[in-house]
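Chain by chain, the residues run as shown.
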Amino acid sequence: MPVIPPVVTAGILTRSLRSRALLWGALMILLVAALSLLVALTFHYRSARTQAAVEASAATAADQFAQVLDRNLQMILALPGRDASAETWQRHAQELLLAHPEVLRLERRELDNRIVDAVDTRSRPPLFSEMNRADAQLDTELACSTAHRRHGPTYSRSYFVPHSDTLGLEVMDLCIEELLGDRVVGFVTASYSLAGLLDRLSTEGVAPGYELSLVEGDGSRLARGRMHVGAGVYRAGRIVDVPDAAMQLWLDSASTRPSLVPDLVTAVVVGLSLTLLAVVALLARDVRKRTHVEGALAEALAFRKAMEDSVVTGLRARDLQGRITYVNPAFCEMVGFDPAELIDQLPPPYWPPEHHAEYERRQQIRLASMPAPPSREGFETVFMRKNGERFPVMILESPLVDGAGTQTGWMSAVLDLRAQRRAEELSRQQQERMQATARLATVGEMASLLSHELNQPLAAIAAYATGSLNMMDRHAPGGPIEADVWPELQTATQRIADQADRAGRVIKSVHDFVRRREHSREVVGVDVLVESVLPLIRLQARKSGTRIEVVVETPAPRVVCDRAMVEQVLLNLTRNGIQAMQLQPPADALLTLCARQTQPQWICFSVTDHGSGIADETARQMFTPFFTTRSDGMGLGLSVCRTIVEQHGGALDFTNLRDGSGKVVGAEFRFTLPAAPSRTAPANSGDAPAEPAARLVSA
Amino acid sequence: MDPTNPNPDLGLPIVYLVDDEDVVRDAVAWLLRSRRLLSEGYASAEAFEAMVLDRQADAGERWPNGPSCLLLDLRMGGMSGLALFKRLSERRLTEAMPVIFLTGHGDVPTAVEAVKRGAFDFVEKPFSNNALVDRIEEALRVSAQALHDQRLRTARQRRLDELTDREHEVMRQVARGLPNKLIANSLDISVRTVELHRSRVFDKLAVKSAAELAHLLHDMGTDPRPLARESPPVE
């Protein structure tokens, strides 16, 4: 489970905030747009509906208008004709006018437009009270002549009649031929008040709620119904089917332009609901996400906890004052304190009292170099267990950084080094044992050589002794021994003593070498080192006739080393060199042992032979234990040599020597040992290599 | 009579001692002197070989002219004892001069190998000394015997060489036991001539009968040489 660093989390947070704001903005804009569209559509729809209704009503009203006129026509046609008496006609006319207030006046005319009879409606003052009928019957006469010509009812154009009680009336006349039998005897005219006609329509329930008006072709209004008042918004006109009267019936709905407010309210309610829905959805999503994140966090925490509990490495967090803010179980187990005993304690209880000052100082240094990069190199120190036991630990520290990037403390991994120390100790002991074994093995490999070396003096001793006995036997037992034999017997006896001594020395040198000495570093002169091992080297060299050349500077440099071990290295290397030259003619068999100071801190030893060099195959393996090219070797020599030299901090390597033509003419093994600090100031800082002043040559 | 010198006419026996250890040479010389034996010491195989070559140049094939034996250290710087032994046996010197190896502790298998190749014996150092001298005396006796046989053979060979070709042919046939008559026929000479040759051959080789002649030829290790002589066979 990856743990997200705080900085990254913050980044994600701001980014999500911005995107969320953007989301909300977009949502709002979309919502407003949708609602506006909705309102606009609703508005438009309602307008269209109302307009359509007005149109439909207009059509109906126009029909009704025509029907009313038709019905009235029938009534007028039903009036008594010429053959009836004038009173009868007047009575009937009077009834008709009473029933139809829109008809203002009925007239009977002769063919020459002379008015025979005229009846005015009683519901209003007589039509022609303000002006003379004769002044206003041009249109009537025109209509009558058209009716006469057409033999059908004809309407006149409307004309204005001033009136006393009102501002005046727009009047339209209907002219019908009056027949007597088949003969036209005159005309009947009816004067319609246009306004009255419209009122009549309204009272009949035609187009309720509409203001009705009649408009002339040119748009000027002729008459207006009085029953309703239109709002002037929704209007519709229809041409009225009245022959000769070009008029339009207009309907004007009383309903005004639809109000926006109710639509807006609806829209807002809808919008809020939608917003609420969206918010709920977002919240639900957020909650789900949060639950998920919380689950992940819990999992990460559990993971971290398990990790902290399972590691054997002690973990410890400290703040900048050095107070412990956190420890894991491994750390507690390591130091033996409970977490409660550790948290917030200053100084920590696991600091050994004797080191307080030093640790305090270290803390100060650490604080001083605060913006320190986390280092992979730990440092070793000593902690104390609760029971007072001290133990070494390795601490690796890295800075603790909070979400804002500032350091708040240190996180340390603490490793208990006790087991490692034990392993190191064990390994050291094994190394020592191995080296002792190798030393014994060296001697074992030298066994035949040693036995030879011992056999020589022993053989000589035996021979001298037997010879002497023989000499003595030849003379009479107890008798005098001839004078000339005495010196010889003396010489022989002296030789016996010498040879016994020699055998003793051989045994001692081996014993010195094998003896398990204290492993201690001491300062020892290179010359002393070489001298002590030289008898054994010579022992080996003598048989093969190898000459040994020792080159040591004077004064001999001094090294810090474990003497016994370095002697072993020298012996091994020289022995290898001598064996490498076994096949060489004795004249070429020269082994050079050289020791010189190459650098201020290092002394370089080299063992150079003139054998056939080291084959590549051998070179690859020769430093591995139990690799050997000899039948009687154990193969421990070079590997142990390298171990020993490396334990001293030096290095062991070799090169094949080549002559001018590149032919291998020998091998040089070199190793370095640390130089002892010089007792005096370093003599002539080495601009010229010191001449080898001591040159010991052994044949 | 000195047991080491059964044939006084062969000269004094001598023990050659090759060892690179001065003190060992000195000690062994002392021991030998205590048993009245002469010895000569050489510090290396090379030195001894040089001496041998030198003396052979002086004395020809006849060297060694006295009974001798060689005490040879197996392991030495320079040429090893074994190498020297090989060279000596190539020169057929080891018959008249038996070689006793002195060995160190680890060289016994090498020494055994050397004995198989004709060395007289080997003695491990540190050796039991009078026993060593006893073996040396044994070797000297063997040497004296070998030298004696060698000289006898040389003398006979010389006499054989004195025969003429015709006598040689007759001798061969006689040694095969053919009667004179058959010999005369095969050689296309008269019986009388055969008899003459035969008596000369008997004279020259100092034999009395054909059987003795055959025995002698057998001892010499060579069958009567064919007429067409090839290069003289190596003895």
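Parameters at a glance
Residues numbered from 1 in each chain as written. Chains lettered and ligands numbered in written order. Predicted model: local features only at pLDDT ≥ 70, side-chain atom pairs only at ≥ 80, totals over all residues. Heavy atoms only, no water. Helix = DSSP H or I, 4+ residues; strand = E, 2+ residues; numbered from the N terminus. Buried < 20%, exposed > 50% of the residue type's maximum accessible area, 1.4 Å probe, protein only. Contact = heavy atoms within 4.5 Å. Areas by Shrake-Rupley, 256 points an atom, 1.4 Å probe, with all protein chains shown as cover. Pairing = 2+ DSSP bridges. Axes fitted to C-alpha atoms, helices over the stretch in contact; angles between N-to-C directions. Buried area = accessible area lost by both parts, 1.4 Å probe. Salt bridge = Lys/Arg side-chain N within 4 Å of Asp/Glu carboxyl O. Polar contact = N/O pair within 3.5 Å; in protein donor to acceptor, adjacent residues only side chain to side chain. Nonpolar A, V, L, I, M, F, W, Y, C, P; charged D, E, K, R; others polar. Expected span 1.5 Å × (residues − 1). Arc of directions from axis to C-beta. Parallel < 35°, antiparallel > 145°, perpendicular 65-115°, else oblique. Left-handed = near helix turned anticlockwise from the far one by under 90°.

The next point concerns the overall build of chain B. Helix and strand content of chain B: nine helices and five strands. Helices (α) and strands (β) of chain B occur, in sequence order from the N terminus, as β-α-β-α-β-α-β-α-β-α-α-α-α-α. Burial analysis of chain B (235 residues in total) assigns 44% to the buried set. Here the contacts in chain B between residues at least 6 apart in sequence split such that 65% fall between residues at least 24 apart. With an accessible surface of roughly 11,900 Å², chain B has 50% of that area assigned to carbon and sulfur atoms.

All names here are of chain B. Pairing in this open sheet of five strands is parallel, and the strands run 2-1-3-4-5 from one edge to the other. Of all the strands in the sheet, the pair left with one neighbour each is strand 2 (38–42) and strand 5 (121–124). In this sheet, adjacent strand axes meet at a mean angle of 20 degrees when their direction is disregarded. Pairing between strand 4 (residues 99–103) and strand 5: four bridges, direction parallel. Looking across to strand 5, one finds that Leu-102 is bridged to Val-123. Sheet strands touched by helix 4 (residues 108–116): strand 4 and strand 5. Its angle to strand 5, the strand with the most contacts, is close to 160 degrees.

In this section: the interface of chain B and chain A. Each side of the interface is counted separately: chain B has 26 residues, and chain A has 28 residues. Interface area for chain B against chain A, summed over the two sides, is near 2,300 Å², with a carbon-plus-sulfur share of 55%. At the boundary of chain B and chain A, one finds three salt bridges. Note that A:Glu488 and B:Arg33 form a salt bridge whose closest N and O atoms lie 2.1 Å from each other. Joining chain B to chain A, the criterion identifies nine residue pairs in polar contact (both at pLDDT 80 or more). Looking at the side of chain B that touches chain A, the elements that each hand over two or more residues are helix 1 (22–34) and helix 5 (129–162) of chain B. A total of nine residues in the side of chain B that touches chain A trace back to one element, the largest contributor, which is helix 1 of chain B. Split into classes, the residues belonging to the side of chain B that touches chain A amount to nine nonpolar, seven polar and 10 charged.

Attention now goes to unusual backbone geometry. Omega for the bond connecting A:Thr554 with A:Pro555 falls within 30 degrees of zero, at -5 degrees, which places this linkage in the cis form. Non-glycine residue B:Asp188 carries a positive phi angle of around 60 degrees. Here B:Asp188 is to be found in the loop between helix 7 (180–187) and helix 8 (191–205).

Now for the side chain of A:Ser639. By the element assignment, A:Ser639 lies in helix 15 (residues 637–647). Beyond its immediate sequence surroundings of up to four residues, A:Ser639 is in contact with A:Met622, A:Phe623, A:Thr624 and A:Pro625.

Below, the discussion takes up helix 2 (residues 86–99) of chain A. Residue and element names in this part refer to chain A. Between its first and last C-alpha atoms helix 2 spans 20 Å; for 14 residues at 1.5 Å apiece the expected length is 20 Å, and the two agree. Among all positions of helix 2, only Trp-89, Ala-93, Leu-96 and Leu-97 are buried. Taken around the axis of helix 2, the buried residues stretch over an arc of 95 degrees, which confines them to a single face. More than 90 degrees from the buried face of helix 2, the exposed residues found are Glu-87 and Leu-98.

Between its first and last C-alpha atoms helix 5 (residues 260–310) of chain A spans 73 Å; for 51 residues at 1.5 Å apiece the expected length is 75 Å, and the two agree. Among the residues of helix 5 of chain A, those classed as buried are A:Asp263, A:Ala267, A:Gly271, A:Thr275, A:Ala300 and A:Glu308.

Before going further, it helps to examine the packing of helix 12 (residues 526–544) of chain A against helix 13 (residues 563–580) of chain A. Residue and element names in this part refer to chain A. Closest axis-to-axis distance for the helix 12/helix 13 pair is 9 Å, and the angle between their directions is 25 degrees. When the axes of helix 12 and helix 13 are compared, the pair comes out roughly parallel. Of the two elements, helix 12 crosses helix 13, and the hand of that crossing is right-handed. Contact residues: Val-528, Leu-529, Ser-532, Val-533, Leu-536, Ile-537, Gln-540, Ala-541 and Ser-544 in helix 12; Arg-563, Val-566, Glu-567, Leu-570, Leu-571, Thr-574, Arg-575 and Ile-578 in helix 13. Of the residues contributing to the contact of helix 12 with helix 13, the split by class is 10 nonpolar, four polar and three charged.

Residues and elements named next belong to chain A. Reading across the sheet, the four strands line up as 8-7-10-9 and stay open at both edges, with antiparallel pairing between neighbours. Only two strands of the sheet have a single neighbouring strand rather than two, namely strand 8 (221–224) and strand 9 (235–239). Mean inter-strand twist for the sheet, computed between neighbouring axes without regard to direction, equals 25 degrees. In this structure, strand 7 (residues 210–216) lies alongside strand 10 (residues 247–253), joined through seven bridges in antiparallel fashion. Its bridge partner lying in strand 10, Val-215 is registered against Gln-248.

Packing of helix 11 (residues 485–514) of chain A against helix 1 of chain B brings their axes to within 11 Å, and their N-to-C directions diverge by 145 degrees. Crossing of helix 11 of chain A against helix 1 of chain B: the hand is left-handed. Here helix 11 of chain A contributes A:Glu488, A:Leu489, A:Ala492, A:Arg495, A:Gln499 and A:Arg502 to the contact with helix 1 of chain B, which in turn contributes B:Val23, B:Asp26, B:Trp30 and B:Arg33.

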